[in-house]
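Structural description and commentary
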Amino acid sequence: MSRHAVDGADIAAELSDEGGRAVVQLHGLTSSRARDRVLHLDLGVGLSGTRLLRYDARGHGESTGRSAAIDYRWSRLAVDLLTLLGLHFPGETVHGVGPSMGAATLLHAAVADPRRFSGLTLVVPPTAWQTRPAQAEVYLEAADLVAGGGFAEYLAVGASAVRPPALADAPETTPQVPERLLPAVLRGAAASDLPATEALAGVETRTTILAWADDPAHPLSTAEALHAVLPHSELIIARTPADLAEWPGVLAADVARPTL
(Lines give C-alpha, C1' and ligand atoms only; values in the text may rest on other atoms or scores of the structure.)
Protein backbone atom coordinates (compact mmCIF):
# COMPACT_ATOMS: atom_id res chain seq x y z
CA MET A 1 0.00 0.00 0.00
CA SER A 2 1.13 3.55 -0.70
CA ARG A 3 0.03 6.86 0.76
CA HIS A 4 -0.31 10.17 -1.08
CA ALA A 5 -0.63 13.58 0.51
CA VAL A 6 -3.29 15.70 -1.20
CA ASP A 7 -4.88 18.93 -0.01
CA GLY A 8 -6.15 18.22 3.51
CA ALA A 9 -5.92 14.43 3.32
CA ASP A 10 -3.63 11.43 3.11
CA ILE A 11 -4.89 8.95 0.50
CA ALA A 12 -4.32 5.20 0.94
CA ALA A 13 -3.90 3.37 -2.37
CA GLU A 14 -2.74 0.01 -3.70
CA LEU A 15 -1.51 -0.88 -7.19
CA SER A 16 -1.77 -4.43 -8.52
CA ASP A 17 0.73 -4.35 -11.37
CA GLU A 18 0.42 -7.23 -13.83
CA GLY A 19 1.29 -5.11 -16.83
CA GLY A 20 -1.27 -4.22 -19.46
CA ARG A 21 -3.88 -1.50 -19.38
CA ALA A 22 -4.22 1.05 -16.60
CA VAL A 23 -7.42 0.74 -14.55
CA VAL A 24 -8.60 2.74 -11.54
CA GLN A 25 -11.29 1.48 -9.19
CA LEU A 26 -13.27 3.72 -6.82
CA HIS A 27 -15.88 2.95 -4.14
CA GLY A 28 -19.16 4.36 -2.86
CA LEU A 29 -20.18 6.83 -0.16
CA THR A 30 -19.16 5.75 3.40
CA SER A 31 -17.54 2.65 1.90
CA SER A 32 -13.93 1.64 1.16
CA ARG A 33 -11.85 -0.78 -0.86
CA ALA A 34 -12.37 -3.43 1.81
CA ARG A 35 -16.11 -2.87 2.29
CA ASP A 36 -16.88 -2.89 -1.43
CA ARG A 37 -15.23 -6.32 -1.65
CA VAL A 38 -17.58 -7.62 1.04
CA LEU A 39 -20.56 -6.10 -0.81
CA HIS A 40 -19.57 -7.82 -4.09
CA LEU A 41 -18.79 -4.42 -5.64
CA ASP A 42 -15.06 -5.02 -6.06
CA LEU A 43 -15.41 -5.73 -9.77
CA GLY A 44 -11.65 -5.75 -10.27
CA VAL A 45 -11.17 -8.71 -7.91
CA GLY A 46 -10.68 -11.13 -10.80
CA LEU A 47 -9.13 -8.71 -13.26
CA SER A 48 -5.79 -9.97 -14.60
CA GLY A 49 -3.18 -8.61 -16.95
CA THR A 50 -3.76 -4.99 -15.94
CA ARG A 51 -2.30 -2.32 -13.72
CA LEU A 52 -5.17 -1.87 -11.29
CA LEU A 53 -5.14 1.09 -8.89
CA ARG A 54 -7.57 0.99 -5.96
CA TYR A 55 -7.79 3.70 -3.33
CA ASP A 56 -9.91 4.91 -0.42
CA ALA A 57 -11.46 8.33 -0.97
CA ARG A 58 -10.51 11.04 1.50
CA GLY A 59 -12.11 10.45 4.88
CA HIS A 60 -12.97 6.83 3.99
CA GLY A 61 -11.32 3.54 4.88
CA GLU A 62 -7.61 3.95 5.51
CA SER A 63 -7.46 7.49 4.09
CA THR A 64 -7.54 10.55 6.31
CA GLY A 65 -9.52 13.75 5.95
CA ARG A 66 -10.74 16.85 7.73
CA SER A 67 -14.16 17.94 8.95
CA ALA A 68 -14.97 20.23 6.02
CA ALA A 69 -18.01 19.37 3.90
CA ILE A 70 -16.54 21.03 0.81
CA ASP A 71 -13.75 18.42 0.81
CA TYR A 72 -16.27 15.67 0.08
CA ARG A 73 -18.14 17.19 -2.82
CA TRP A 74 -17.92 14.98 -5.87
CA SER A 75 -16.17 17.66 -7.92
CA ARG A 76 -13.47 17.84 -5.21
CA LEU A 77 -13.10 14.07 -5.15
CA ALA A 78 -12.57 14.21 -8.91
CA VAL A 79 -9.56 16.46 -8.32
CA ASP A 80 -8.12 13.81 -5.99
CA LEU A 81 -8.73 11.15 -8.65
CA LEU A 82 -6.97 13.10 -11.38
CA THR A 83 -4.07 13.83 -9.03
CA LEU A 84 -3.62 10.12 -8.30
CA LEU A 85 -3.80 9.24 -11.98
CA GLY A 86 -1.10 11.79 -12.66
CA LEU A 87 1.12 10.13 -10.05
CA HIS A 88 0.53 6.50 -11.04
CA PHE A 89 -0.23 6.71 -14.76
CA PRO A 90 1.32 9.96 -16.04
CA GLY A 91 0.37 10.75 -19.61
CA GLU A 92 -1.72 7.58 -20.01
CA THR A 93 -5.37 6.93 -20.63
CA VAL A 94 -7.09 4.92 -17.90
CA HIS A 95 -10.23 2.80 -17.63
CA GLY A 96 -12.32 3.94 -14.66
CA VAL A 97 -14.77 1.83 -12.65
CA GLY A 98 -16.71 2.63 -9.49
CA PRO A 99 -20.12 2.51 -7.80
CA SER A 100 -22.37 5.36 -6.67
CA MET A 101 -20.11 8.16 -5.38
CA GLY A 102 -17.28 6.52 -7.31
CA ALA A 103 -19.29 6.65 -10.54
CA ALA A 104 -20.13 10.30 -9.87
CA THR A 105 -16.46 11.10 -9.21
CA LEU A 106 -15.50 9.47 -12.50
CA LEU A 107 -18.06 11.53 -14.41
CA HIS A 108 -16.82 14.78 -12.90
CA ALA A 109 -13.25 13.79 -13.76
CA ALA A 110 -14.23 12.81 -17.31
CA VAL A 111 -15.86 16.22 -17.85
CA ALA A 112 -12.80 17.99 -16.43
CA ASP A 113 -10.27 15.90 -18.42
CA PRO A 114 -12.07 13.89 -21.11
CA ARG A 115 -8.89 12.62 -22.76
CA ARG A 116 -7.72 10.93 -19.55
CA PHE A 117 -10.17 7.99 -19.79
CA SER A 118 -10.07 5.13 -22.28
CA GLY A 119 -13.38 3.79 -20.97
CA LEU A 120 -15.80 3.97 -18.03
CA THR A 121 -17.76 1.33 -16.15
CA LEU A 122 -20.28 3.24 -14.04
CA VAL A 123 -21.81 1.09 -11.31
CA VAL A 124 -25.19 1.88 -9.68
CA PRO A 125 -25.22 5.62 -10.42
CA PRO A 126 -26.71 7.63 -7.54
CA THR A 127 -29.67 9.99 -7.43
CA ALA A 128 -29.12 12.96 -9.72
CA TRP A 129 -30.81 16.07 -11.05
CA GLN A 130 -34.56 15.85 -10.28
CA THR A 131 -34.15 13.07 -7.71
CA ARG A 132 -31.15 14.60 -5.96
CA PRO A 133 -32.87 17.12 -3.61
CA ALA A 134 -34.85 14.45 -1.75
CA GLN A 135 -31.74 12.32 -1.25
CA ALA A 136 -29.79 15.39 -0.15
CA GLU A 137 -32.34 15.95 2.61
CA VAL A 138 -31.79 12.37 3.79
CA TYR A 139 -28.06 13.00 4.02
CA LEU A 140 -28.49 16.30 5.84
CA GLU A 141 -30.83 14.75 8.40
CA ALA A 142 -28.34 11.93 8.94
CA ALA A 143 -25.48 14.41 9.32
CA ASP A 144 -27.42 16.32 11.97
CA LEU A 145 -28.26 13.06 13.76
CA VAL A 146 -24.62 11.95 13.93
CA ALA A 147 -23.38 15.42 14.87
CA GLY A 148 -25.89 15.45 17.73
CA GLY A 149 -24.56 12.22 19.21
CA GLY A 150 -26.87 9.83 17.39
CA PHE A 151 -24.23 7.66 15.72
CA ALA A 152 -25.71 4.44 17.13
CA GLU A 153 -29.16 5.44 15.86
CA TYR A 154 -27.68 6.19 12.44
CA LEU A 155 -26.17 2.70 12.33
CA ALA A 156 -29.49 1.17 13.37
CA VAL A 157 -31.36 2.99 10.61
CA GLY A 158 -28.82 1.77 8.05
CA ALA A 159 -29.04 -1.80 9.29
CA SER A 160 -32.85 -1.78 8.96
CA ALA A 161 -32.92 -0.36 5.43
CA VAL A 162 -34.40 -2.59 2.73
CA ARG A 163 -31.75 -3.86 0.34
CA PRO A 164 -32.12 -4.07 -3.42
CA PRO A 165 -32.72 -7.67 -4.56
CA ALA A 166 -29.27 -7.88 -6.18
CA LEU A 167 -27.68 -7.51 -2.72
CA ALA A 168 -29.88 -10.13 -1.04
CA ASP A 169 -26.95 -12.37 -0.11
CA ALA A 170 -24.46 -9.64 0.86
CA PRO A 171 -23.44 -9.60 4.54
CA GLU A 172 -24.11 -6.74 6.94
CA THR A 173 -21.48 -4.00 6.93
CA THR A 174 -20.92 -0.70 8.73
CA PRO A 175 -19.76 2.69 7.41
CA GLN A 176 -16.03 3.02 6.80
CA VAL A 177 -15.89 6.68 7.86
CA PRO A 178 -14.84 7.83 11.35
CA GLU A 179 -17.73 9.19 13.41
CA ARG A 180 -16.04 12.60 13.72
CA LEU A 181 -15.85 12.96 9.91
CA LEU A 182 -19.21 11.43 9.00
CA PRO A 183 -21.30 14.64 9.26
CA ALA A 184 -18.93 16.45 6.88
CA VAL A 185 -18.89 13.51 4.46
CA LEU A 186 -22.69 13.37 4.39
CA ARG A 187 -23.03 17.13 3.97
CA GLY A 188 -20.54 17.05 1.12
CA ALA A 189 -22.63 14.39 -0.59
CA ALA A 190 -25.78 16.45 0.00
CA ALA A 191 -24.18 19.42 -1.75
CA SER A 192 -23.22 17.31 -4.79
CA ASP A 193 -24.85 16.31 -8.04
CA LEU A 194 -23.78 14.77 -11.33
CA PRO A 195 -22.44 17.14 -13.99
CA ALA A 196 -25.06 18.87 -16.11
CA THR A 197 -26.44 16.79 -18.96
CA GLU A 198 -25.05 19.30 -21.46
CA ALA A 199 -21.54 18.62 -20.17
CA LEU A 200 -22.03 14.85 -20.14
CA ALA A 201 -23.25 14.89 -23.72
CA GLY A 202 -19.73 15.90 -24.70
CA VAL A 203 -18.08 12.88 -23.02
CA GLU A 204 -17.12 10.68 -25.97
CA THR A 205 -15.66 7.89 -23.83
CA ARG A 206 -17.14 4.43 -24.33
CA THR A 207 -19.20 3.72 -21.20
CA THR A 208 -21.03 0.79 -19.64
CA ILE A 209 -23.67 1.62 -17.02
CA LEU A 210 -24.36 -1.17 -14.51
CA ALA A 211 -27.55 -0.57 -12.53
CA TRP A 212 -29.74 -2.59 -10.21
CA ALA A 213 -33.46 -2.46 -9.58
CA ASP A 214 -35.49 -1.31 -6.58
CA ASP A 215 -33.03 0.99 -4.83
CA PRO A 216 -34.26 4.58 -4.23
CA ALA A 217 -30.72 5.80 -3.53
CA HIS A 218 -29.54 4.42 -6.88
CA PRO A 219 -32.64 4.66 -9.06
CA LEU A 220 -32.90 3.24 -12.53
CA SER A 221 -34.02 6.71 -13.63
CA THR A 222 -30.45 7.99 -13.20
CA ALA A 223 -28.95 5.07 -15.11
CA GLU A 224 -31.48 5.47 -17.91
CA ALA A 225 -30.90 9.23 -18.12
CA LEU A 226 -27.14 8.71 -18.29
CA HIS A 227 -27.62 6.11 -21.02
CA ALA A 228 -29.70 8.60 -22.97
CA VAL A 229 -27.21 11.46 -22.65
CA LEU A 230 -23.82 9.70 -22.93
CA PRO A 231 -23.22 9.23 -26.65
CA HIS A 232 -21.38 5.87 -26.48
CA SER A 233 -23.07 4.00 -23.62
CA GLU A 234 -24.62 0.62 -22.85
CA LEU A 235 -27.01 -0.09 -19.96
CA ILE A 236 -27.11 -3.41 -18.07
CA ILE A 237 -29.56 -3.99 -15.20
CA ALA A 238 -29.14 -6.55 -12.38
CA ARG A 239 -32.21 -7.89 -10.58
CA THR A 240 -30.71 -10.83 -8.68
CA PRO A 241 -27.42 -11.75 -6.96
CA ALA A 242 -26.69 -14.00 -9.96
CA ASP A 243 -26.93 -10.96 -12.24
CA LEU A 244 -24.56 -9.07 -9.93
CA ALA A 245 -22.06 -11.93 -10.08
CA GLU A 246 -21.69 -11.33 -13.81
CA TRP A 247 -20.45 -7.75 -13.39
CA PRO A 248 -16.73 -8.55 -12.93
CA GLY A 249 -16.86 -10.24 -16.32
CA VAL A 250 -18.49 -7.15 -17.79
CA LEU A 251 -15.64 -5.01 -16.45
CA ALA A 252 -13.04 -7.40 -17.87
CA ALA A 253 -14.69 -7.17 -21.29
CA ASP A 254 -14.89 -3.38 -21.02
CA VAL A 255 -11.19 -3.09 -20.24
CA ALA A 256 -10.22 -5.44 -23.07
CA ARG A 257 -12.15 -3.79 -25.87
CA PRO A 258 -10.50 -1.20 -28.10
CA THR A 259 -10.94 2.49 -27.35
CA LEU A 260 -12.88 4.76 -29.67
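Presented here is an overview of the structure given in this document. The shown structure was predicted, so the numbers you read here are calculated from the model rather than taken from an experiment.

Another aspect to go through is the pairing of strand β5 (residues 94-99). Where burial is concerned, most of β5 is hidden: 6 out of the 6 residues are buried. Burial along β5 is two-sided: the residues V94, G96 and G98 and H95, V97 and P99 are all buried. Pairing geometry for β5 and strand β6 (residues 117-123), over 6 bridges, is parallel. Bridge pairing in β6 links P99 to V123. Running through helix α3 (residues 101-112), the crossover from β5 to the neighbouring parallel element β6 is right-handed.

Before going further, it helps to spend a moment on the packing of aromatic side chains. Each pair of aromatic rings is reported with the distance of its centres and the angle of its planes. Within the structure shown, the criterion is met by 2 aromatic pairs. Arranged with centres 6.5 Å apart and planes meeting at 20°, the rings of F151 and Y154 form a pair that is stacked. With F151 and Y154 both in helix α5 (residues 151-160) and 3 residues apart, this pair spans about one turn of that helix. You can call Y154 buried: its relative accessible area is 16%. Geometrically, the ring pair formed by W212 and W247 is stacked, given 6.1 Å between the ring centres and 15° between the ring planes. Taken as a pair, W212 in strand β7 (residues 207-212) and W247 in helix α10 (residues 247-256) lie far apart in primary sequence, 35 residues in all.

Before going further, it helps to spend a moment on helix α4 (residues 132-147). Counted at 1.5 Å a residue, the expected span for α4 with its 16 residues is 22 Å, and the 22 Å between its end C-alpha atoms agrees. Within α4, burial applies to R132, Q135, A136, Y139, A142, A143 and V146. Mapping the buried residues of α4 onto a view down its axis gives an arc of 125°, with all of them on the same face. Structural note: α4 exposes A134 and E141 on the side pointing more than 90 degrees away from its buried face. If you follow the buried residues of α4, they end up packed against α2 (74-88), α5 and α6 (182-190). Looking one or two residues past α4, G149 carries a phi angle of roughly 95°, positive in sign.

Right, let's talk about the sheet that holds β5 for a bit. Strand order in the open sheet formed by 8 strands is β1-β2-β4-β3-β5-β6-β7-β8, with mixed pairing between adjacent strands. Among the strands making up the open sheet, the edge pair consists of β1 (2-6) and β8 (233-238). The average undirected angle you get between the axes of adjacent strands in this sheet is 20°. Where strand β3 (residues 21-25) and β5 come together, 3 bridges link them in parallel fashion. Note on β5: the bridge partner recorded for Q25 is V97. Here α10 sits on the sheet in contact with β3, β4 (50-55), β5, β6, β7 and β8, set at roughly 170° to β7.

Time to look at the environment of T174. Within the secondary structure, T174 sits in the loop between α5 and α6. Note on T174: relative accessible area 47%, which makes it partly exposed. Between the C-alpha atom of T174 and that of S31, which follows or precedes it by 143 residues, the distance is 8.3 Å.

Another point: the side chain of D71. Along the chain, D71 turns up in the loop between β4 and α2. Using a relative accessible area of 4% as the deciding quantity, one classes D71 as buried. Side chain to side chain, D71 and R58 meet in a polar contact 3.4 Å long. Excluding residues within four positions of it along the chain, D71 makes contact with R58, R66, R76 and L77.

Procedures and definitions
- Residues numbered from 1 in each chain as written.
- Predicted model: local features only at pLDDT ≥ 70, side-chain atom pairs only at ≥ 80, totals over all residues.
- Heavy atoms only, no water.
- Buried < 20%, exposed > 50% of the residue type's maximum accessible area, 1.4 Å probe, protein only.
- Helix = DSSP H or I, 4+ residues; strand = E, 2+ residues; numbered from the N terminus.
- Pairing = 2+ DSSP bridges.
- Right-handed = clockwise from strand over helix to strand, strands pointing away.
- Phe/Tyr/Trp six-rings, centres within 6.5 Å; stacked < 30°, edge-to-face > 60°.
- Expected span 1.5 Å × (residues − 1).
- Arc of directions from axis to C-beta.
- Contact = heavy atoms within 4.5 Å.
- Axes fitted to C-alpha atoms, helices over the stretch in contact; angles between N-to-C directions.
- Polar contact = N/O pair within 3.5 Å; in protein donor to acceptor, adjacent residues only side chain to side chain.

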